[in-house]
Amino acid sequence: MKLVVTIDVEEEGLFSNQYDSHNVSVKNVPELRRLDPIFREWAIKPTLLVTYPVASHEPHRDLLRQLKENWNAEIGAHLHPWNTPPLTTLPYPEPVPSELMPRELLAAKLGALLDEIGKFGATPASFRMGRFNMGPKMFSVLEPAGIRVDSSIAPMRRYYGGPDHLSAATEPYYPDPDNPLRAGTSSVLEVPMTILPLFPRLGHWLDSLSHKSIFPEKWISWFAMNAGSLPVQPVWVGLRRLKAAVKLHQRRGGNVVTIFFHSSELMPGGYPHHPTTASIDRFLEKLAAFFSWLHTETAVDSVTLSQLAESYRK
């Protein structure tokens, strides 16, 4: 089984829905060092998906280079449009969905992010869109920018502005550029977060219900997120549910487990459920126990997003 560990290396404040374009703090980034003993013990090769405020903060560049070397990691791009230049005012509340932005603006923001990451010697080939807000317009600018693998699809989830990920696949696939939720002919590999519907095609059924207006959409979204899915996401669920999700994924023929979390979740107070150092220590203990169990349960090969994409191309 391939294990893909992705970390959104980003500024603080987003768990409070604070989309500040100016007074942005990135003091959480050094907390990534907390992961070093676990990643070294289990040979985890993470993909560090970096936002513009982090990439443009020069004091953190040496740290990111060091972590890349220590962990055989990959530096990728994580686009937060609300604080990535060029900044412009649009007639919509933040975060503005990508499908409501001009394509040229999205391309310019992605270009600015890639240029900033390039200043510390990285050439990103992997990508994640902020708020998982991946639609056809955003997807259309990835390939021309040199992106070869995306991980922006969150199955069984629906977010403000769409697109709707309720019926998304749980294994990597090459999408249709006009509809990234479907298989197609793109050369950009999509690697969804591993979030499983409890029953096959449950997401499709919930999606059809939403179109029939039988139940309020917020009810369907709540059910999909809280009762209808089993995520392999260590920040969200306990160790028992993590193990159950992996076993279910394997029974359904899954070969890739993709997990994610945020750098700010490693800083006391950076995430509502991690208010103290003790709470973060408990999370790290759970993460270590999960990796230990995975290596006991099955043959695990930890790879970066680009390494996974290369194996699919071969």
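Preceding this paragraph is the structure being described.
Residues numbered from 1 in each chain as written. Predicted model: local features only at pLDDT ≥ 70, side-chain atom pairs only at ≥ 80, totals over all residues. Heavy atoms only, no water.

Asker: A description of the overall build of the protein should follow, citing residues and the corresponding values.
Answerer: Looking only at helices and strands, the protein features ten helices and twelve strands. What you see for the protein is a C-alpha radius of gyration of 18 Å, in line with the 20 Å of a compact globule of 314 residues. Dimensions along the principal axes, computed over C-alpha positions, put the protein at roughly 50 × 50 × 45 Å. Buried positions account for 54% of the 314 residues belonging to the protein. (Helix = DSSP H or I, 4+ residues; strand = E, 2+ residues; numbered from the N terminus. Rg over C-alpha atoms; globule rule 2.2 N^0.38 Å. Buried < 20%, exposed > 50% of the residue type's maximum accessible area, 1.4 Å probe, protein only.)

Asker: Quick rundown of the pattern of salt bridges? Include the residues and the values.
Answerer: Inspection of every chain in the model, using the stated rule, returns ten salt bridges. Ionic pairing is found between R40 and D36, a salt bridge with its closest N-O pair at 2.8 Å. Separated by four residues within a single helix, R40 and D36 lie in helix α1 (residues 36-41), roughly one turn from each other. Take R40: its relative accessible area is 49%, and that puts it in the partly exposed class. (Salt bridge = Lys/Arg side-chain N within 4 Å of Asp/Glu carboxyl O.)

Asker: Requested: an account of the pairing of strand β1 (residues 2-9), with residues and values cited.
Answerer: The buried fraction of β1 amounts to seven of the eight residues, a majority that puts the element mostly inside the structure. With seven bridges joining them, β1 and strand β11 (residues 256-262) adopt parallel strand pairing. Bridge assignment links D8 to a residue of β11, and that residue is H262. Strand direction decides the pairing type here: β1 and strand β12 (residues 301-302), joined by two bridges, are parallel. Note that in β12 the partner of L3 across the bridge is S302. Bridge count between β1 and strand β2 (residues 47-50): four bridges; the pairing is parallel. (Pairing = 2+ DSSP bridges.)

Asker: Quick rundown of the packing of aromatic side chains? Include the residues and the values.
Answerer: Throughout the structure, instances matching the rule amount to six aromatic pairs. Cluster of aromatic residues (ring-pair linked, three or more members): F132, W236 and F260. (Phe/Tyr/Trp six-rings, centres within 6.5 Å; stacked < 30°, edge-to-face > 60°.)

Asker: I'd like a description of the pairing of β11, backed by residues and values.
Answerer: β11 sits mainly inside the fold: seven of its seven residues count as buried. Both faces of β11 are covered, namely the face carrying V256, T258, F260 and H262 and the face carrying V257, I259 and F261.

Asker: Report on the side chain of S264, specifying residues and quantitative values.
Answerer: Looking at where S264 falls in the secondary structure, it is placed in the loop between β11 and α9 (277-297). S264 gets classed as buried once you look at its relative accessible area, which sits at 1%. In contact with S264, other than residues within four places in its own chain, are E10, F15, N28, G270 and Y271. (Contact = heavy atoms within 4.5 Å.)

Asker: Which residues make up the environment of S25, and what values do they have?
Answerer: With respect to the element layout, S25 can be found in the loop between β1 and α1. In sequence terms S25 and E12 are 13 residues apart; their C-alpha atoms lie 5.9 Å from each other. Each residue touching S25, except ones within four places of it in the same chain, is listed here: E11 and E12. In this structure the side chain of S25 is engaged in a polar contact, spanning 2.5 Å, whose partner is the side chain of E12. (Polar contact = N/O pair within 3.5 Å; in protein donor to acceptor, adjacent residues only side chain to side chain.)

Asker: Lay out helix α8 (residues 239-251) in plain terms, naming residues and giving numbers.
Answerer: With 13 residues, α8 extends 19 Å from end C-alpha to end C-alpha; this agrees with the ideal 18 Å at 1.5 Å per step. Of all the positions in α8, only L242, A245, V246, L248 and H249 are classed as buried. What you see down the axis of α8 is that its buried residues fit within an arc of 165°, all on one side. Relative to its buried face, α8 has exposed residues pointing more than 90 degrees away, namely R240 and R251. Those residues of α8 that are buried are in contact with β9 (195-197), β10 (229-231), β11 and α9. At the C-terminal side of α8, G253 shows a positive phi close to 90°. (Expected span 1.5 Å × (residues − 1). Arc of directions from axis to C-beta.)

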